[in-house]
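Now for the letters of each chain:
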Amino acid sequence: MAHQSDLIEIDILAYLKSQEEKSLLRFITCGSVDDGKSTLIGRLLWDSKMIFEDQLAALESDSRKVGTQGGAIDYALLLDGLQAEREQGITIDVAYRFFSTDRRKFIVADTPGHEQYTRNMVTGASTAQVAVILVDARKGLLTQTRRHSFLVSLVGIRHVVLAVNKMDLIGFDREKFDAIVGDYREFAVTLGFDSITAIPISALNGDNIIEASDNTPWYQGQALLNYLESVRVEDEAKNLPFRLPVQWVNRPHLDFRGFCGTIVSGSIRPGDEVQVVSSGRTGRVARIVTMNGDLDEGVAGQAVTLTLTSEIDISRGDILSTPDAPPRLSRHLEAHLVWMHDEPLLPGQVYLVKTASAVTPGRVSRVHYVVDVNTLEQNQAPTLGLNGIGVVRLELDRAVAFDPYRQNRDTGSFIIIDRFSNATVAAGMVISAAPVEVQTARPERGTGVTEEAGFLPRRVSLTELGISGTEMGVADLTREWGPIEFEVSAGFLDYLGKGNRVLVRLRDVGQLEPVARMAYEHNLNFEFGRYRDRVNVILYKHGPEPVPRELEGGGL
């Protein structure tokens with residue numbers, strides 16, 4: 001039953017103690033537009049009596065003014081608080097709400113159904129443990145239903161409730177319900193969910209929301225709230241290897257140097273050995289410091305400050321781990337990518353990649369395939385557009401520590417940020433490090449590593465901007481330590497044909513050969529010279545060569 005607040009008036013300390021001991025479940029609602037997500041959560045909040053008197057008065061007033069229920073209570077208005085949401089009758093932003101029952105506490109995220117706001121749905125799903133996917137009983141599965149289900153599987157949610165809503169509008173027809181459930185299970189068979197629980201509901205009227213409905217005597221399963229109260233979601237983070245992304249180095253005085261951050265997985269005790277993943281150096285934990293005093297043990301979810309018995313170099317952005325099970329360290333990642341920006345992905349362009357606590361310049365060097373959300377087929381495509389989902393190869397300017405997302409959501413996720421607008425353009429989930437045989441290794445200077453030594457060249461795309469994402473007319477290759485080859489666009493050749501020149505900065509003279517080969521193949525001229533320990537090359541294009549005098553008139 002719904003949580004009663006009488007204990008608050010009688011004994012506030014006892015109430016707080018009871019709340020502290022309850023487990024917390026985070027879940028989201030998602031689906032297509034007008035499937036009833038906001039109405040469902042509003043109904044849960046109403047029936048669980050987690051609405052203050054002033055909110056109730058405002059809800060009644062708003063329902064008369066802008067409601068869609070003819071003056072009756074419009075539960076969706078509890079979540080759709082933005083003026084644009086109320087005017088259009090759709091959810092735009094993610095709305096988080098807290099409520100509790102006698103058995104459990106909940107944080108629910110109401111996510112948008114419109115395709116344009118899929119990016120907001122990914123944000124809400126990133127911390128959830130259960131997904132309630134709504135389907136309009138009159139319409140069945142829609143594109144957004146499939147898209148959200150695929151995204152839910154990508155972000156690691158393993159338990160799904162298929163809530164077939166608006167059953168009252170089809171007369172609680174069991175055959176239509178069973179057909180929708182069958183279609184969904186067939187679609188989701190490859191998504192890897194641990195459980196799919198189908199419930200026929202009417203969010204507006206409360207059928208099968210809090211208690212079993214008399215309108216569905218053929219349904220013998222749990223009501224939605226009973227399911228949410230009883231579903232077992234294991235907290236796997238505590239059983240994973242220790243990970244602490246360092247967010248701040250605390251140095252208040254000469255006698256204290258601590259490394260602050262939130263433990264994202266595993267546990268740690270004083271005396272345990274930890275490793276700095278980026279350098280491989282190890283040390284032992286001296287203290288686990290918190291605002292309320294030192295701890296005997298730190299566990300996942302706690303914000304702590306660690307001090308070590310020895311002085312080793314640790315900076316913001318480093319990850320501390322257990323030495324016997326460290327994360328991977330690589331510049332080259334294979335990842336699922338969800339593109340969330342109106343402008344399409346530009347492979348080769350430099351973006352900022354934000355991982356657990358570090359920000360690193362990087363680029364998407366290759367789109368392996370994109371996913372058709374209707375059929376889950378893998379199709380070839382050169383880029384990703386708004387709401388596109390695909391598997392890509394990511395190349396970073398320096399190695400980062402990571403775990404596969406399936407193993408650790410905190411150290412296996414990242415976002416991509418546009419360097420100029422500072423907009424978040426994509427969210428990613430690491431699959432693994434790129435295969436070793438296609439990685440560009442970083443050899444020692446002067447070793448003459450070539451393609452024959454087992455290192456495949458990195459393909460560099462030249463456009464009218466030099467290399468995509470660099471300053472106009474400049475292609476900077478000084479960070480490339482392996483073999484390279486060039487891919488030249490028509491726009492680049494046209495840019496040079498107009499009399500423009502491009503400066504190519506090379507790491508050393510060994511990179512001149514592919515530049516010369518590219519210039520020869522495309523009838524370009526180049527001049528090169530040494531600048532300090534680097535090589536600069538100027539690429540340009542002359543007009544048509546004059547015809548030799550002896551060939552004029554067709555004679556020899």
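The numbers attached to residues start from 1 for each chain and follow its sequence in the written order. pLDDT decides what is reported in this predicted model: residues at 70 or higher carry local features, side-chain atom pairs at 80 or more are listed and counted, and totals for whole chains, interfaces and linings draw on all residues regardless. Note that the side-chain values use all heavy atoms of the structure and ignore hydrogens as well as water.

As for the confidence of the model for the chain
- Scored from 0 to 100, pLDDT records how confident the predictor is in each individual residue. Mean pLDDT over the chain works out to 79, with 76% of the residues at or above the 70 mark.
- Segment residues 465–472: pLDDT under 50, and 28 contacts once partners within four positions in sequence are set aside and those in other chains are kept.
- In this analysis, two residues are considered to be in contact whenever any of their non-hydrogen atoms come within 4.5 Å of each other. Here residues 546–556 is modelled with pLDDT under 50, and outside its nearest four sequence neighbours on either side it reaches four contacts, counting other chains as well.

Digging into the environment of Arg-328
- Runs of E in the DSSP output that reach at least two residues are strands. Runs of H or I that reach at least four are helices, and both are numbered from the N terminus. On the secondary structure map, Arg-328 appears in strand S16 (residues 328–339).
- Distance in space between the C-alpha atoms of Arg-328 and Phe-402 is 5.4 Å, their sequence separation being 74 residues.

Topic: the pairing of strand S17 (residues 351–354)
- Only protein chains enter the area calculation, which uses a 1.4 Å probe; residues under 20% of their type maximum are buried, those over 50% are exposed, and those in between are partly exposed. Going residue by residue along S17, you find Tyr-351 and Val-353 tucked away on one face and Leu-352 and Lys-354 left uncovered on the opposite face.
- Here the rule is simple: two strands pair whenever DSSP picks up at least two bridges between them. As judged from the four bridges shared by S17 and strand S18 (residues 359–371), these two strands associate in the antiparallel manner. Within S18, the position partnered with Lys-354 by the bridge is Val-359.
- In sequence, S17 turns back onto S18 through a hairpin of four residues.
- With three bridges connecting them, S17 and strand S21 (residues 413–417) associate as antiparallel partners. Residue Leu-352 lies in a different strand from S21, and its bridge partner there is Ile-417.

Focus on the pairing of strand S29 (residues 534–540)
- Two strands pair when backbone bridges link them, and strand S27 (residues 502–506) and S29 are joined in this way by five bridges, in the antiparallel orientation. Across the sheet, residue Leu-503 finds its bridge partner in S29, namely Ile-538.
- As paired strands, strand S28 (residues 525–531) and S29 are joined by seven bridges and run antiparallel to one another. Looking at S29, one finds that Arg-530 is bridged to Val-535.

With respect to the side chain of Asn-408
- Mapped onto the secondary structure, Asn-408 falls in the loop between strand S20 (389–402) and S21.
- Given the relative accessible area of 5%, Asn-408 is considered buried.
- Only 3.1 Å separates the side chain of Asn-408 from the side chain of Ser-265, close enough to count as a polar contact.
- Two N or O atoms count as a polar contact when they lie within 3.5 Å, although within protein this holds only if one can serve as hydrogen donor and the other as acceptor, and sequence-adjacent residues are included solely when both atoms are side-chain atoms. Polar side-chain contacts of Asn-408 include one of 3.3 Å to the backbone nitrogen of Thr-411.
- Beyond its immediate sequence surroundings of up to four residues, Asn-408 is in contact with Leu-240, Arg-243, Ser-265 and Asp-403.

Here we look at the packing of aromatic side chains
- A pair of aromatic rings is counted whenever rings of Phe, Tyr or Trp (Trp by its six-membered ring) have centres within 6.5 Å, and the orientation is called stacked for planes under 30 degrees apart, edge-to-face for over 60 and tilted otherwise. Counting across every chain of the model gives five aromatic pairs.
- Ring geometry for Trp-339 against Tyr-351: centres 6.0 Å apart, planes inclined by 75 degrees, an arrangement best described as edge-to-face. Of this pair, Trp-339 sits in strand S16 while Tyr-351 is found in strand S17, placing the two residues twelve residues apart along the sequence.
- A cation over a ring is seen here: Arg-146 above Phe-187, with NZ or CZ 5.7 Å from the ring centre. The criterion for a charge sitting over a ring is simple: Lys NZ or Arg CZ within 6 Å of the ring centre, and within 35 degrees of the ring normal.

Some points on the layout of surface pockets
- Definitions used for this entry: grid spacing 1 Å over protein atoms alone; cavity, a set of points where a 1.4 Å probe fits but cannot get out; pocket, an open set with protein on both sides within 12 Å along at least 5 of 7 lines; lining residue, one with an atom within 4 Å of a point. Grid points are joined across faces, edges and corners, and a volume is the space filled by probe spheres set on the points. Size it by volume and the largest pocket reaches roughly 1,600 Å³.
- Contributing to the lining of the largest pocket are 48 residues, with Ser-126, Thr-127, Ala-128, Arg-409 and Asp-410 lying nearest its centre.
- Counting only elements with at least two residues in the lining of the largest pocket, the list comes to strand S1 (23–31), helix H6 (118–125), S21 and strand S22 (424–433).

Some remarks on the side chain of Asp-318
- Inspection of the secondary structure assignment puts Asp-318 in the loop between strand S14 (303–308) and strand S15 (319–321).
- His is not counted here, nor are the chain ends, while Lys and Arg score as positive and Asp and Glu score as negative. A pair is scored as a salt bridge if a Lys or Arg side-chain nitrogen falls within 4 Å of a carboxyl oxygen belonging to Asp or Glu. Buried and unpaired, Asp-318 has no salt bridge, with Arg-398 as the nearest side chain of opposite charge at 7.9 Å.
- Polar contacts involving the side chain of Asp-318 include one to the side chain of Ser-278, which spans 3.0 Å.
- With residues near it in sequence (within four places) discarded, Asp-318 still touches Leu-244, Pro-245, Val-246, Val-276, Ser-278, Asp-313 and Ser-357.

Focus: the sheet that holds strand S5 (residues 159–165)
- Across the sheet, which stays open at both edges, the six strands sit in the order S2-S3-S1-S4-S5-S6 with mixed pairing between neighbours. The open sheet is flanked by strand S2 (95–100) and strand S6 (195–200), the only strands paired with a single partner. Taken over all neighbouring pairs, the strand axes of this sheet differ in orientation by 25 degrees on average, direction set aside.
- Pairing of S5 with S6 involves six bridges; the strand directions are parallel. The partner of Val-160 across the bridge, within S6, is Ile-196. Axis angles are defined between N-to-C directions and span 0 to 180 degrees, where every axis is a line fitted to C-alpha atoms and, for a helix, only to the segment in contact.

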